[in-house]
Structure formats: structure tokens, C-alpha cells
Amino acid sequence: MITVTDLTKVYSQGGRTVHALDGVSLTVPSGSIHGIIGHSGAGKSTLVRCLTMLDKPTSGTVTINGVDLTAARADALRSARRRIGLVFQQANLFDSRTIAQNVGYPLEIVKADAARRKAKVDELLGRVGLADASNAYPAQLSGGMRQRVGIARALATDPDVLLFDEPTSALDPRTTDEVLDLIVSLRTPELAVLVITHEMHVVKRICDSVSLLEGGRIIESGPLTEVVSRL
Ligand code: ADP
Ligand code: ADP
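The name an unreviewed UniProt entry gives the chain is D-methionine transport system ATP-binding protein, with Tessaracoccus bendigoensis DSM 12906 as the organism.

Thoughts on the site of ligand 2
The environment of ligand 2 is formed by Gln-13, Ser-45 and Arg-49. Gln-13 places a polar side-chain atom, nitrogen or oxygen, 3.3 Å from a nitrogen atom of ligand 2. Note that an oxygen atom of ligand 2 is positioned 2.5 Å from one of the side-chain N or O atoms of Ser-45. Look at ligand 2: alone it shows 550 Å² of surface, and the protein chains cover 21% of it.

A look at the site of ligand 1
Neighbouring ligand 1 are 13 residues; Gln-13, Gly-41, Lys-44, Ser-45 and Thr-46 lie closest to it. Gln-13 is positioned with one of its side-chain polar atoms (N or O) 2.8 Å from a nitrogen atom of ligand 1. Between Ala-42 and ligand 1, the recorded distance is 3.1 Å, taken from a backbone N or O atom to an oxygen atom. Burial of ligand 1 by the protein chains amounts to 65% of its free accessible area of 560 Å². Elements that contribute at least two residues to the shell around ligand 1 include exactly strand S1 (2–13), strand S2 (16–28) and helix H1 (44–51).

Reading guide: rules and limits
- Residues numbered from 1 in each chain as written.
- Chains lettered and ligands numbered in written order.
- Predicted model: local features only at pLDDT ≥ 70, side-chain atom pairs only at ≥ 80, totals over all residues.
- Heavy atoms only, no water.
- Near = heavy atom within 4 Å.
- Polar contact = N/O pair within 3.5 Å; in protein donor to acceptor, adjacent residues only side chain to side chain.
- Areas by Shrake-Rupley, 256 points an atom, 1.4 Å probe, with all protein chains shown as cover.
- Helix = DSSP H or I, 4+ residues; strand = E, 2+ residues; numbered from the N terminus.

The structure is reproduced here in C-alpha cells:
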């Protein structure tokens, strides 16, 4: 479960201050898929950077299964960050590594032994439907397949939270549907899934609940059907 409390990020921009995030609070329980939707400039990228602590929030807290990332020191922060699997718009794979090596990369970083790495990579490639592509290179795969590899890699360290940042913005409609179906199929009781997007059809198709971000604030939040009916 991920809990965000009163998250604020203030930038100063040529002498004036911009509240990119202005008191954002939300909870995504394990087992659920939550969408955050907002137009350009709403604060989505800032939220992604603050949730992952790539950027330090001005105030507020981000807690994952009870661990407050904003209070963690370097060591604790590094391991806490592994509790979040991140999937970007583009998979950003290593071109010179095979699909299996790309998926296993996070496990190399934590020095998992080769046998465990192989078992995990095989399991994940099966889950994303790429068991046959393990020895291929990224350039040999379609955009949708590369996105699947990115998703498998994000799951390598068994994260508690899977965070998607505009996961389908670079994909055509058919591939988008394929990737969205995959996201739904990844649902487990332990995993909290957060999807940040500007595309309402993505939220409508896969999310249980949704928050509307505008001007750095959440202006609507609730079960999908309720929020959609209020729009
Ligand atoms: P979105 O991803 O929804 O398009 P952003 O998080 O990029 O929104 O931006 C939210 C607001 O914060 C915008 O007004 C943007 O100009 C401002 N902003 C974002 N990043 C910075 C930064 N590094 N420095 C100054 N202002 C920023
Ligand atoms: P994306 O297109 O991925 O949402 P953005 O265009 O929001 O990304 O931001 C790209 C980069 O530019 C980020 O590192 C962000 O911090 C920075 N940035 C965004 N808006 C501003 C701004 N108004 N002033 C300064 N830097 C900004």
C-alpha cells in the first residue's frame, strides 16, 4: 500500500514560486489499481519524481507499507525505493543486452545470485508473455513488446508498488489495449498499482479508482464510476 500525505513541491521560477504539487493526499491499497489523470502542467511528472524521491518534496510524506520515504536516510531510502517498480512511457532498455539481461538487471544491482536471477527472469518473462524472446535484443522487438520487457524489469525486485508514468502514450491503439490488458493481469493482492496518465480511456479501462489532478491539487477522487459520473 502506498500513502501520500499532504505532498507539496514548490519550485521557484524566475523570482516567482510555482506550487507544482499543492497538498496532494492519496492512498492506494494493495490489490487495487488507481489512476491519476491530469492535463499537461497539472503536476503529474512532479508527482512521479516526488513519489520515487528522484526529487525531494518540499513537504509531506510518501509511505510504502509503513516506511516513510521522505524520512529515510540514504541506505534505507535505497532499499525503500526498490519497493517501487517504475514503468515509463518508453521502456529505456539497454540495447546491447538481451531481454533476459534487461529484466534481470535490477537483480544484478542487488547482487542476487545467478540461479535466483534466472528463475525470477524466467517467471517474469512468462508472466508478460515473452518467454520465447529471452535471448532477443530490444531492437528486434515491437514497441509493445519492449514495453512488456520494461514491465517485467519493474517487477524484478518484487515491489509493493508498481508506478506507471504515461505507460501507453507512445503506443498505437491496438498495442495500448494489449499493454492495458497486461497491467490488469498483473494484479495480485500484495501489489498496489498506480497509473499516471493524461488519457481518460486508459483510466476508464483499467482503474478501480481515480484522482483528478489539476494545478497541483487533487480536485476529485473516488471509485472510477463515481468520479466519471461527476465529470
Ligand atoms: P505535468 O507532468 O502534469 O505536465 P509537471 O509536473 O511537469 O506537470 O509541472 C507542473 C508545474 O510545475 C508546471 O507549472 C511546471 O511548469 C512546473 N515545474 C515542473 N518542474 C519544474 C522545475 N524543475 N522547475 C520549475 N518549475 C517546474
Ligand atoms: P514530461 O514531458 O515528461 O512531463 P516535463 O516537460 O514536465 O516532462 O519536464 C521535463 C523536465 O523539465 C523536468 O526535468 C522538469 O523538472 C523540467 N521542467 C518542467 N517544467 C519546467 C519549468 N517550467 N521550468 C523549469 N524546468 C521545468
